[in-house]
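Chains, contacts and geometry: an overview
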Amino acid sequence: MGLVVRLRAGKGYSITALGTGPVPTHPLKLIEANVACTPFDGGLRISGMFELGARDGAGRARPIRHVLRRARRYLPDWTPTGPAVRLAGMRPATPDSLPIIGAVPGHPGLFTATGPGTLGLTLAPATAALLASLVLDGRDAPELAPFAPDRFGRAGHRARTDHHRLGGGHPAPGWVGAVVRRARPDRPGRPG
């Protein structure tokens, strides 16, 4: 049996522009607006949104305008000038909104750190610090227990997700089940 890892993409949007008026001197998360602002190369990068169900990384103008409008409530004296860089990108998310971090069962030396949603760069230093002792010394950090890769179950078994606890038979549509299988000794190099 293989390990089932369920991920779904959530699309995020950002705009980076030079502007007039004061800008933050350090990164800010505007909680009520659900937007992040980061000083960037003489300008400002504003990012936000978490659009579940997106099929590709193509950007749309309306969400970018929405992100900009929400940030402008906090930055009333800042006005973007000149051309802006508008980006959209996919973020890996899990059904329980917790990242998947740890050793992959049945695969010695294989580790994963994925599914942080919108917090990838924010959680990267802490994730690396906790995972380093496991990778380098084989010491499990108790703090990683809630993020165990096998918490969704094994292939062929009912996955332990909130959806199942609520009575559903399968995860919500769109959740991709990545199955990691152990190589079979009788078929070298091929999953079993």
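Residues numbered from 1 in each chain as written. Predicted model: local features only at pLDDT ≥ 70, side-chain atom pairs only at ≥ 80, totals over all residues. Heavy atoms only, no water.

What to know about the pattern of salt bridges
Counted only if it meets this: What makes a salt bridge here is a side-chain nitrogen of Lys or Arg within 4 Å of a carboxyl oxygen of Asp or Glu, nothing more. Each helix is a run of DSSP H or I of at least 4 residues and each strand a run of E of at least 2, with the numbering of both proceeding from the N terminus. Relative accessible area decides the class of each residue, using a 1.4 Å probe on protein chains only: under 20% of the type maximum gives buried, over 50% gives exposed, and in between gives partly exposed.
Here the structure, examined in full by the defined rule, presents four salt bridges. Measuring nitrogen to oxygen at the nearest pair gives 3.9 Å for the salt bridge that ties K11 to E51. With K11 in strand β1 (residues 3-20) and E51 in strand β4 (residues 43-52), this pair connects stretches of sequence that are 40 residues apart. Comparing K11 with E51 shows no difference in burial state: the two are buried. Between E51 and R60 there is a salt bridge, and its shortest N-O distance comes to 2.5 Å. The partly exposed category is assigned to R60, whose relative accessible area is 43%. Where salt bridges share partners, they join K11, E51 and R60 into one cluster.

Details of the confidence of the model for the protein
Filter applied, for reference: Confidence of the prediction at every residue is given by pLDDT, a number between 0 and 100. Contacts are assigned to residue pairs with any non-hydrogen atoms lying within 4.5 Å of each other.
Put simply, the protein has an average pLDDT of 78, and 79% of its residues get 70 or more. When the elements of the protein are averaged for pLDDT, helix α3 (residues 162-165) gives the smallest value, 35, and strand β6 (residues 100-103) the largest, 93. In this model residues 156-192 is a low-confidence stretch, pLDDT under 50, and it forms 62 contacts with partners more than four residues away in sequence or in other chains.

What to know about the environment of T79
Examined against the element boundaries, T79 turns out to sit in strand β5 (residues 79-93). Spatially, the C-alpha atom of T79 lies 9.7 Å from that of V23, the residues being 56 residues apart in sequence. Among residues more than four places away in sequence, those in contact with T79 are L18, G19, T20 and R72.

Concerning the side chain of K11
Among the residues examined, K11 registers a relative accessible area of 4% and is labelled buried. If we ignore the near neighbours within four places in the chain, the residues touching K11 are M49, F50, E51, A54, D56, G57, A58, A88, G89 and M90.

Focus on the layout of surface pockets
Let me state the cut-off plainly: Only protein atoms enter the 1 Å grid used here. Points where a 1.4 Å probe fits but cannot escape make up a cavity, open sets with protein on both sides within 12 Å along at least five of seven lines make up a pocket, and a residue lines them when an atom lies within 4 Å of a point. Grid points are joined across faces, edges and corners, and a volume is the space filled by probe spheres set on the points. Residue polarity follows a fixed list, in which Ala, Val, Leu, Ile, Met, Phe, Trp, Tyr, Cys and Pro are nonpolar, Asp, Glu, Lys and Arg are charged, and the others, Gly among them, are polar.
Considering only enclosed or pocket space, the largest pocket measures out at about 780 Å³ in volume. Along its surface, the largest pocket is lined by 28 residues, and A36, S47, R91, T118 and L121 are the ones closest to its centre. At the level of secondary structure, the elements contributing two or more residues to the lining of the largest pocket comprise β1, β2 (28-30), β3 (35-40), β4, β5 and α2 (120-137). Looking at the lining of the largest pocket, its residues break down into 14 nonpolar, eleven polar and three charged. In this structure, the second largest pocket spans a volume of roughly 180 Å³. If you go around the second largest pocket, you meet 16 residues; those closest to its centre are F50, A93, T94, S97 and G117. Breaking the lining of the second largest pocket down by element, the ones donating at least two residues are β4 and β5.

Quick word on helix α1 (residues 61-72)
Which entries qualify depends on this criterion: A helix's residues, less one, multiplied by 1.5 Å, set its expected span. Within this analysis, the arc is defined by the directions that extend from the helix axis to the C-beta atoms.
With twelve residues, α1 extends 17 Å from end C-alpha to end C-alpha; this agrees with the ideal 16 Å at 1.5 Å per step. The complete set of buried residues in α1 reads P63, I64, V67, L68 and A71. End-on, the buried residues of α1 take up no more than an arc of 135°, which puts them together on one face. Among the structural elements, β1, β2, β3, β4 and β5 are those in contact with the buried residues of α1.

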